[in-house]
Amino acid sequence: VNLDETPEEAGFRQEVRRWLDEAIPDELRGATAFEHRLQADRLFAAQGYLAYAWPKEYGGSAGTPIQQAILDEESGRIGIARSRSPSRLGTNLLGPTMMVHGTDDQKRRFLPRILQVQDIWCQGFSEPEAGSDLAGVRTTAVVDGDGLRLSGSKLWTSQATNASWCFVLARTDPDGPRHRNLSMLLVPMDQPGIDARPLKQITGDTGFSQVFFDDVRVPLENVLGGVNNGWAVAMTTVGAERSYGLSSRYGLYAEQLRRAAALIGAADDGPIRDLWLAELGTTYADVTGIRDLAYKLASLGTAGKEETGLTSVTHLWWSHAHQRIVDLGLRVAMETRRDEDYWYRLWLECRAETVYGGSAQIQRNIISERVLGLPRG
Amino acid sequence: MDFRFDEGEQAVIAGAAGSLGHHLPIDRFRSSGTTEGAWAAIAADGWLDAAIPSEDGGLELPEVMQVAIAREAGRQLCVEEWATNASILPALMAAIPDDATRREWLSRRRSHRGALLQDGRSMVIEVADATVPAAPMAFGMMPGDDVYRLVRSGDATVLVRLEDARISLTPTSDLAIGVGRVEVDGGRSVEAPCRVGAAELERISRHAALIQSAGLIGLGEEAERRTVEYVKARKQFGVPIGQFQALKHILADVHVANEVAWNSVLHAALKGDQEPTAFGASRIQAVEAALGASRAMLQLHGGFGFTWEADVHYFLKTAACAAARFGSLDRHAIELGRALAIAS
């Protein structure tokens, strides 16, 4: 066990840091607007950093999970959240899924366009009646000749209005057994019958949409992993999902904590400040927990070992740790009358983090059943 | 970078787990007999000497292996005495300049468990101005132990060892887990010069606190393991209570806290020299995790957990008292916060 970077890892960190310093303009650092995040993706793509861990045969650099963690951490440090990259759904969800389940033709058609930021993907899994219970999707696709007809609606679809493609989990066999009745469809967004209606979020932003499909035609060659095999395909996607960009979260949240620390440092002495100092100490301990989990996941990944349940532990930890940081930041900002807008917006935004990607309660179920071996209810 | 134990390291840890589990079963709290023989057996296996340089007959293992062994001791609820005997005493004895004397002291420690007679709640081990025969709260002390003191003698510091003294601990029979107010009486006194300055004492205290934190991880993980077994076996409404989500989620949180805390202790052991904030962070996580795990253990054992007969109270008491040693959580949190506020 060691946390010392090998000469190669240290060299990679230097290389990444130097590149970030030179290549990323100030207006992209800490930016949240889609266009800015997309521009950052293009810069990463041009440098070969967008999907650094992808195998070389698919145009990646076969970077190790540790190198990926270094890249994420350094990016987070300068305010580039890789966890919010518009390409993430392509690079980290669809791409790895397609490498497992895709045909050679699909890989040739889609993977290079993800790498070059030519296609932006969105994910059509959740529905009004299928949130945590993914197997309950009702959107249907009926085989008709050499294609399928897709109808239904998807909910909480991030960046649906910006995406050119959507990977859609749809029911293709109304009478088939659970887990053998779904298919994963690759659907171009720019065609008749698709209507993405942005939903206004509590922050006032429109980050996600409800997407309606009305008799949309999808060719059979756009089914990923075969008709009625969608559950297995979706499980590959979900398995790839949870730890993505973890180190960038650490870098980003550590920076946010420093921002709170600066407010506290400038505040008047007194009992309230002492209270904040103590909480600053405990939240710092929490944020370093994210870093350590990222190291552990990266080490397991690099060694090719399973990480049973650790991604659920990780999701629970980073989401709650971040909320604790922002809780503190908002209280300090309100009391000191400084930086209120920043912290209030962040406080609202981070509410979503214990909901998306599997709610905190679902993560606890996974930990208690898969890791602790407690009986299913 | 590889944040996992390799096969060789795992073999060492498994060896420690086997030895400590065999010689220090938690049942020992119930029998009034001494664990002196057990202590010598553990020492004979070398586990008490992980921190000691090879030239003095120790294993000279890196700090990260020392915490891994302390975690195994913690699973047996051997937390305070481990921090004293595997960390504090070897470190103080390392400062005895004469080779023969130092080795003699280290050697006696292998057959006679020792405890430090001073208030263990301060963050840094203190040097007393005079030999007071009592301490308001000592940690890991049992009748029969050698009693150690660190005393100022002119400009120098001496380590004093009291052998065969009568030790009375309050509370004793009610709550005894080796923590409490201590008075000593009689015994034979031996002393040796001990060259430790303020900076060295701070370093020794931090190391001991890290070792104790590792013990608390073991305590928390054992509490988790036992509670999981209990809720799988205990039935209500015709089903194992571990099937109920309200209980599952409590245990999931315990698991998460233990995982994070252990990583934090490992990080501090590996990187503490370069990152001054790592120690405070590990202290906070370890203490919180152990307290959380032992509280959950009692809660999920229901009424049984509140009986003397169940082992639950040993976990709870060990964790609660440990939280007060080497400075309270509040003190660590505020010091860490202050360092961060100044740095930003």
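Just so we're clear, the structure is a prediction, and the values are computed from it rather than from any experiment.

(A) Highlighting the overall build of chain A. For chain A, the count of helices and strands is eleven helices and eight strands. Taken over C-alpha atoms, the radius of gyration comes to 21 Å for chain A, in line with the 21 Å a tight globule of 377 residues would show. Referenced to the eigenvectors of the C-alpha coordinate spread, the extents of chain A come out at roughly 75 × 45 × 45 Å. Burial status across chain A gives 54% buried among its 377 residues. When contacts within chain A are restricted to residue pairs at least 6 apart in sequence, those whose partners lie at least 24 apart make up 72%. With an accessible surface of roughly 15800 Å², chain A has 49% of that area assigned to carbon and sulfur atoms. Each charge sign in chain A was given a centre, from 41 positive and 49 negative side chains, and these centres are 2 Å apart.

(B) Spotlight on the sheet that holds strand β6 (residues 179-185) of chain B. All names here are of chain B. With antiparallel pairing, three strands are arranged side by side in an open sheet as β2-β6-β5. A strand with exactly one partner marks an edge of an open sheet, and here the two such strands are β2 (134-139) and β5 (166-170). Averaged over all pairs of adjacent strands, the angle between strand axes in this sheet comes to 40°, irrespective of strand direction. Bridge analysis of β2 against β6 gives four bridges, and the strand direction is antiparallel. Paired with Ala134 across the bridge in β6 is Glu183.

(C) How the structure looks around helix α5 (residues 99-111) of chain B. Compared with an ideal rise of 1.5 Å per residue, which puts 13 residues at 18 Å, α5 of chain B spans 19 Å between its outermost C-alpha atoms and is within 8% of the ideal. All of the buried residues in α5 of chain B are Arg102, Trp105, Leu106, Arg108, Arg109 and Arg110 of chain B.

(D) Examining unusual backbone geometry more closely. The omega torsion across Thr170 of chain B and Pro171 of chain B is -5°, close enough to zero to call that bond cis. Structurally, the position occupied by Pro171 of chain B is in the loop between β5 and β6. The phi dihedral of Val117 of chain A falls on the positive side, at around 55°, and the residue is not glycine. According to the relative accessible area criterion, Val117 of chain A is buried, its value standing at 7%.

(E) Region of interest: the nonpolar core. Core analysis: the biggest nonpolar cluster contains 81 residues, and Leu150 of chain A together with Trp82 of chain B have the highest contact counts within it. With seven residues, helix α3 (residues 63-75) of chain B is the single largest residue contributor to this core. If sequence neighbours within four positions are ignored, Leu150 of chain A has contacts with Thr139, Thr140, Ala141, Val168, Ala170, Leu185, Val187, Phe213, Asp214, Asp215, Val216 and Val218 of chain A. The next biggest cluster of nonpolar side chains, apart from the first, holds 76 residues, and it includes Leu252, Leu257 and Ile290 of chain A together with Leu291 of chain B.

(F) Layout of the interface of chain A and chain B. On the chain B side, the residues contacting the 49 residues of chain A number 43 residues. With both chains or domains summed, chain A and chain B bury close to 4200 Å², and 67% of this area falls on carbon and sulfur atoms. Among the residues of chain A in contact with chain B, Val1, Leu3 and Leu372 of chain A are the three that bury the most area, contributing 19% of the side total. If you look at where chain A meets chain B, you find six salt bridges.

(G) Seen up close, the packing of aromatic side chains. Residue and element names in this part refer to chain A. Under the defined criterion, the tally for this structure stands at 18 aromatic pairs over all chains. Relative to Tyr49, the ring of Trp19 has its centre 5.1 Å away and its plane inclined at 90°; by these criteria the two rings are edge-to-face. With a gap of 30 residues between them, Trp19 in helix α1 (residues 7-23) and Tyr49 in the loop between α2 (34-47) and α3 (65-77) connect regions that are remote in the sequence. On the accessibility criterion, Tyr49 (2% relative accessible area) is buried. If you follow Arg249 out to its NZ or CZ, it ends over the ring of Trp318, 3.7 Å from the centre.

(H) View of the sheet that holds strand β4 (residues 156-163) of chain B. Residues and elements named next belong to chain B. Across the sheet, four strands lie side by side as β1-β3-β4-β7; this open sheet has mixed pairing. The strands lining the two open edges of the sheet, one partner per strand, are β1 (114-116) and β7 (188-193). Here the average twist between neighbouring strands, direction ignored, is 30°. Note that β4 and β7 share six bridges and pair antiparallel. Each residue of the ladder has a partner; that of Arg161, found in β7, is Val190. Against the sheet, α5 touches β3 (146-153), β4 and β7, its axis set at about 40° to β4.

The rules behind the values
Residues numbered from 1 in each chain as written. Chains lettered and ligands numbered in written order. Predicted model: local features only at pLDDT ≥ 70, side-chain atom pairs only at ≥ 80, totals over all residues. Heavy atoms only, no water. Helix = DSSP H or I, 4+ residues; strand = E, 2+ residues; numbered from the N terminus. Rg over C-alpha atoms; globule rule 2.2 N^0.38 Å. Buried < 20%, exposed > 50% of the residue type's maximum accessible area, 1.4 Å probe, protein only. Contact = heavy atoms within 4.5 Å. Areas by Shrake-Rupley, 256 points an atom, 1.4 Å probe, with all protein chains shown as cover. Lys, Arg positive; Asp, Glu negative; His and termini not counted. Charge placed at Lys NZ, Arg CZ, Asp CG, Glu CD. Pairing = 2+ DSSP bridges. Axes fitted to C-alpha atoms, helices over the stretch in contact; angles between N-to-C directions. Expected span 1.5 Å × (residues − 1). Core = buried A, V, L, I, M, F, W, Y, C linked by side-chain atoms within 4.5 Å. Buried area = accessible area lost by both parts, 1.4 Å probe. Salt bridge = Lys/Arg side-chain N within 4 Å of Asp/Glu carboxyl O. Phe/Tyr/Trp six-rings, centres within 6.5 Å; stacked < 30°, edge-to-face > 60°. Lys NZ or Arg CZ within 6 Å of the ring centre and 35° of its normal.

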